[in-house]
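Coordinates in review
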Amino acid sequence: DDEASGKKKKTSLVQVKGKVQLEEEGVSCIKTLDMGMAIRSAICVGKEVWCADWKGAVTIRERDDAAKVKAEIPTNRFIWCMAHQEPGLLWMGQESAGISLFHMGKKEFKTCLTGGHTGGVHCLALDEALGDVEEGGFPVRRGWSGSNDFTIRQWWIETWLSKG
């Protein structure tokens, strides 16, 4: 730890293509996109970056050139957070007591998990498959969601299997 050892991190301002950028040892901002609206949540999965804005619209962008929009998905609610679960399920914690699930490959809404929270879902945590999966069986997984209703819910997931 640099603070514990008394060493200070090297931070400097550098000029790149006429713009001043903050550069810290091993980390630098290489591009800034003006989105025209505040971004509430973003997640990078594979070669895509999914971004949710303050109106609830989700844009799917290319990871290597985030200026390129691959798809747009309107949602009916404000999105607080997102989490990815293999083999291609995206969870979105929303403002009013729900978690929307999207098929990442098809870029489409699948279902909404309800009956858990009475407030907005602000955070999500997902784990990998639990134990061995039998041929043709479903992997069992767990997920957790945290809400402004002062609860954390644990979800048991048995129904997401990639079938092409």
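As a starting point, this report considers the structure included with it. Every value quoted in this text rests on a predicted model; they were computed, and no experiment measured them.

As a further point, take the overall build of the chain. Along its length, the chain carries 1 helix and 14 strands. In the chain, which comprises 164 residues, the share counted as buried stands at 35%. Of the contacts formed within the chain by residues at least 6 apart in sequence, a portion of 32% connects residues at least 24 apart. Counting every atom, the chain has about 10,700 Å² of accessible surface; 51% of that belongs to carbon and sulfur.

What follows deals with the pattern of salt bridges. In total, this model carries 5 salt bridges according to the counting rule given. A salt bridge links Glu-48 to Lys-70; the nearest nitrogen and oxygen atoms lie 3.2 Å apart. Here Glu-48, found in strand E5 (residues 48-53), pairs with Lys-70, found in strand E7 (residues 69-74); they are 22 residues apart in sequence, far enough to count as distant. Overall, Glu-48 belongs to the buried group, its relative accessible area being 11%. Each of the salt bridges in this network shares a partner with another, and the network as a whole consists of Glu-48, Lys-70 and Lys-107.

Even without being glycine, Lys-107 reaches a positive phi, approximately 55°. Here Lys-107 is to be found in the loop between strand E10 (99-103) and strand E11 (108-113). Residue Lys-107 is classed as partly exposed on the basis of its relative accessible area of 24%. With a phi close to 70°, Phe-150 is a non-glycine residue in the positive phi region. With respect to the helices, strands and loops of the structure, Phe-150 is situated in the loop between strand E13 (141-147) and strand E14 (152-157).

Cut-off values and rules
Residues numbered from 1 in each chain as written. Predicted model: local features only at pLDDT ≥ 70, side-chain atom pairs only at ≥ 80, totals over all residues. Heavy atoms only, no water. Helix = DSSP H or I, 4+ residues; strand = E, 2+ residues; numbered from the N terminus. Buried < 20%, exposed > 50% of the residue type's maximum accessible area, 1.4 Å probe, protein only. Contact = heavy atoms within 4.5 Å. Areas by Shrake-Rupley, 256 points an atom, 1.4 Å probe, with all protein chains shown as cover. Salt bridge = Lys/Arg side-chain N within 4 Å of Asp/Glu carboxyl O.

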